[in-house]
Amino acid sequence: MNEYDIQSTSDGWIFFVKVSFAVAILAIAAGIVLVPGSLLIKGYFALSSLFLVSATITLSKTLRDQHEANRLINKVSEARTTKIINEMAK
């Protein structure tokens, strides 16, 4: 297995994703603090935002896990097919 099979994203992309996430969290926090309204409204927005972030992270991890599982299943299936073809060619 080479390095490209293990890491499918670049360091630049990982940096971009982390910075984007931080900027989005700061923008939401600033928006909640600056919005005119009672503390109850601000608390509702804050909890809703935290739930949205949590759900987004869970969804992205689940989709990534599913993708990785499908890649492994496809590699195993391909290896079996190659083995059968090689056995038939002998």
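For clarity, every value in this text was computed on a predicted model and none was experimentally measured.

Draft legend 1. Structural view of the overall build of the chain. Along its length, the chain carries 3 helices and 0 strands. Relative to a compact globule of 90 residues, whose C-alpha radius of gyration would be 12 Å, the chain shows 22 Å and is clearly more extended. Each principal axis of the C-alpha distribution contributes one length, and for the chain these read about 80 × 25 × 10 Å. In the chain, which comprises 90 residues, the proportion classed as buried is 3%. Taken as a whole, the chain presents about 8,000 Å² of accessible surface, with 71% of it coming from carbon and sulfur. Each charge sign in the chain was given a centre, from 9 positive and 7 negative side chains, and these centres are 6 Å apart.

Draft legend 2. Fine view of the packing of aromatic side chains. Tallied over the full model, the rule gives 2 aromatic pairs. Ring plane angle 35° and centroid distance 5.4 Å describe the contact between Trp13 and Phe16, whose orientation is recorded as tilted. Placement of the pair is Trp13 and Phe16 together in helix α2 (residues 11–34), with a separation of 3 residues, close to one helical turn. Here Trp13 falls in the partly exposed class, since its relative accessible area comes to 48%. Look at Tyr44 and Phe45: their rings are 6.0 Å apart centre to centre, the planes differ by 50°, and that puts the pair in the tilted class. For Phe45, a relative accessible area of 36% puts it in the partly exposed group.

Draft legend 3. Molecular detail of a nonpolar patch on the surface. There is a patch of nonpolar side chains on the surface, built from Trp13, Ile14, Phe16 and Val17 and spanning about 380 Å² of accessible area. Relative to the elements of secondary structure, Ile14 occurs in helix α2. Look at Ile14 and you get partly exposed, because its relative accessible area is 33%.

The rules we used
- Residues numbered from 1 in each chain as written.
- Predicted model: local features only at pLDDT ≥ 70, side-chain atom pairs only at ≥ 80, totals over all residues.
- Heavy atoms only, no water.
- Helix = DSSP H or I, 4+ residues; strand = E, 2+ residues; numbered from the N terminus.
- Rg over C-alpha atoms; globule rule 2.2 N^0.38 Å.
- Buried < 20%, exposed > 50% of the residue type's maximum accessible area, 1.4 Å probe, protein only.
- Areas by Shrake-Rupley, 256 points an atom, 1.4 Å probe, with all protein chains shown as cover.
- Lys, Arg positive; Asp, Glu negative; His and termini not counted.
- Charge placed at Lys NZ, Arg CZ, Asp CG, Glu CD.
- Phe/Tyr/Trp six-rings, centres within 6.5 Å; stacked < 30°, edge-to-face > 60°.
- Patch = residues over 30% accessible without salt bridge, like charges linked within 9 Å, V, L, I, M, F, W, Y side chains within 5 Å.
- Salt bridge = Lys/Arg side-chain N within 4 Å of Asp/Glu carboxyl O.

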